[in-house]
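If you want the building blocks of each chain, they are given just below.
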Protein chains: 2
Amino acid sequence: MGTERLSMPIGEAMFTQRAIRRFTSQPLATADIETILEAASKAPNGGNSQIARFLVVRDAERIRAFGALYRRAWWAKRKDDEGWAGPEDVPPDNTRHLAAMRLADEMGSVPCVIFALSVPPSYPESVFPAAQNLMLAARALGIGSVPTRLHPSVFAEFRALFDIPPEIGIHFAIPLGYPRGHFGPTRRRPIAETTFWESWGRLGPR
Amino acid sequence: MGTERLSMPIGEAMFTQRAIRRFTSQPLATADIETILEAASKAPNGGNSQIARFLVVRDAERIRAFGALYRRAWWAKRKDDEGWAGPEDVPPDNTRHLAAMRLADEMGSVPCVIFALSVPPSYPESVFPAAQNLMLAARALGIGSVPTRLHPSVFAEFRALFDIPPEIGIHFAIPLGYPRGHFGPTRRRPIAETTFWESWGRLGPR
């Protein structure tokens, strides 16, 4: 079923997969979520052990509770990285974190969050490609997303909130919804700046 | 340019991205490699810091040298995991590793290898989604691949072989080529077995 519904050319999906951090309130259909989970399941993974697990949350009450936790986790990370405790500590000329800071405020009201989790041995190389399939498939259905990570200081509370056992690995929290704003081209460095050929430091054939 | 060339429906690419471990000797065109590197560059990454780096190797001599190293790395991993030192230690009824063992023998003669590397802080969540874009784009062009990892015991030798500085992170070695054999559906568990809804342990709406 997934194959027919995911008809967008792969180049279009990849080249317009901009991080979407603001969403309309429109709910996501179960069939769409199932399609993107199916796409996730097809990603390469070590020894086909299929250790990736997903937790889909649409219940507004649960998302509100998660939003409060996510906001604290986001600021805990800023404290670690920049020494900021809250918005009052952000230098006025610092715009780099604005969009993510706004998401930290709005996470509690997104229409859907999917958590990318795993059973042991929880190798990230067997989970992240599935998460990327999930987000690309969402894009192909017109659904925006952005991968976020939780600060370890909230892991225990996060597990308690969703009854997640201690042995389950925690990878991404992915809010999903229809975008306020637009998909669109991403800004990326040209591949000549990020790729070498034959040996480190050697430029490509043209 | 990448958008036009990557016209395969995304569902078709994802649902037929089987691990390809045997390749014809047909070389890969530079334009195709550039297209899949462009697709890789578009993947989500933390703070758009774009830490992923790629090293493309097509030179037969270098690939032969890498193949010898890869074979040792592969067996070092088997020694760690199963206690096997070589083919003579594999129980006759164990077929699980056959395809990967054959790749370890044949890596030295694949037409192309792309190494997924990174500059610090080398977060894997900023590299693996790019690698998945790369392999999906390759699939869309009819080019097969499989993500492999190197055993740390060969890292120093690997760096020496390709002049890779010590601060550069090593993630995947991805052989690429036109498949001997076929792309095709992957075998995966149904999403009902890998997904919970609203809370861990709770099944979906249908």
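Presented here is a report on the structure given in the accompanying data block. Since the structure is predicted, the reported quantities are computational estimates derived from the model, not experimental observations. (Residues numbered from 1 in each chain as written. Chains lettered and ligands numbered in written order. Predicted model: local features only at pLDDT ≥ 70, side-chain atom pairs only at ≥ 80, totals over all residues.)

### Thoughts on the overall build of chain A
Counting its secondary structure elements, chain A contains seven helices and five strands. The C-alpha atoms of chain A give a radius of gyration of 18 Å, which matches the 17 Å a tight globule of 206 residues would have. With the C-alpha coordinates aligned to their principal axes, the bounding extent of chain A is approximately 50 × 45 × 35 Å. Sorting the 206 residues of chain A into buried and exposed places 43% on the buried side. (Helix = DSSP H or I, 4+ residues; strand = E, 2+ residues; numbered from the N terminus. Rg over C-alpha atoms; globule rule 2.2 N^0.38 Å. Buried ≥ 20, exposed ≤ 12 C-beta atoms within 10 Å, placed from the backbone.)

### Remarks on the relation of the copies chain A and chain B
Turning chain A through 180° and shifting it by 0.0 Å along the axis lays it on chain B, with an RMSD of 0.0 Å. The superposition of one copy onto the other is thereby described by a two-fold rotation axis. The fraction of interface residues of chain A whose copies in chain B are also interface residues reaches 98%, indicating that both copies meet through the same surface. (Least-squares fit on C-alpha atoms with pLDDT ≥ 70 in both. Contact = placed C-beta atoms within 7 Å.)

### Thoughts on the interface of chain A and chain B
Facing the 65 residues of chain A at the interface are 64 residues of chain B. Looking at the side of chain A that touches chain B, the elements with two or more residues in it are helix H1 (2-5), helix H2 (10-15), helix H3 (30-41), strand S1 (52-57), helix H6 (128-140) and strand S5 (195-197) of chain A. The pairing of S1(A) with strand S5 (residues 195-197) of chain B spans three bridges and is parallel. Within S5(B), the residue paired with Leu55(A) across the bridge is Phe196(B). (Pairing = 2+ DSSP bridges.)

### Things to note about the sheet that holds strand S2 (residues 112-118) of chain B
Taken in spatial order, the five strands of this open sheet run S5(A)-S1(B)-S2(B)-S4(B)-S3(B), and their pairing is mixed. Edge positions in the sheet fall to S5 of chain A together with strand S3 (144-145) of chain B, since each of these pairs with one other strand and no more. Where strand S1 (residues 52-57) of chain B lies against S2(B), six bridges are found, and the strand directions are antiparallel. Bridge pairing in S2(B) links Ala52(B) to Ser118(B).

### Things to note about the sheet that holds strand S2 (residues 112-118) of chain A
Taken together, the five strands give an open sheet; going across it, the order is S3(A)-S4(A)-S2(A)-S1(A)-S5(B), and neighbouring strands pair in mixed fashion. Whereas interior strands pair on both sides, the edge strands pair on one side only; in this sheet they are strand S3 (144-145) of chain A together with S5 of chain B. Direction of pairing for S3(A) relative to strand S4 (residues 169-177) of chain A: antiparallel, over a ladder of two bridges. Residue pairing in the sheet places Ser145(A) in a bridge with Leu176(A) of S4(A).

### Quick look at the packing of helix H4 (residues 60-82) of chain A against helix H7 (residues 155-162) of chain A
For any two helices packed against each other, one specifies the crossing angle of their axes together with the interaxial distance. Residue and element names in this part refer to chain A. Axis separation between H4 and H7 bottoms out at 11 Å; the angle between their running directions is 175°. Taken together, the axes of H4 and H7 are roughly antiparallel relative to one another. Together, Ala 65, Phe 66 and Leu 69 of H4 and Glu 157, Phe 158 and Leu 161 of H7 make up the contact between the two elements. Looking at the contact of H4 with H7 residue by residue, the classes come out as five nonpolar, no polar and one charged. (Axes fitted to C-alpha atoms, helices over the stretch in contact; angles between N-to-C directions. Parallel < 35°, antiparallel > 145°, perpendicular 65-115°, else oblique. Nonpolar A, V, L, I, M, F, W, Y, C, P; charged D, E, K, R; others polar.)

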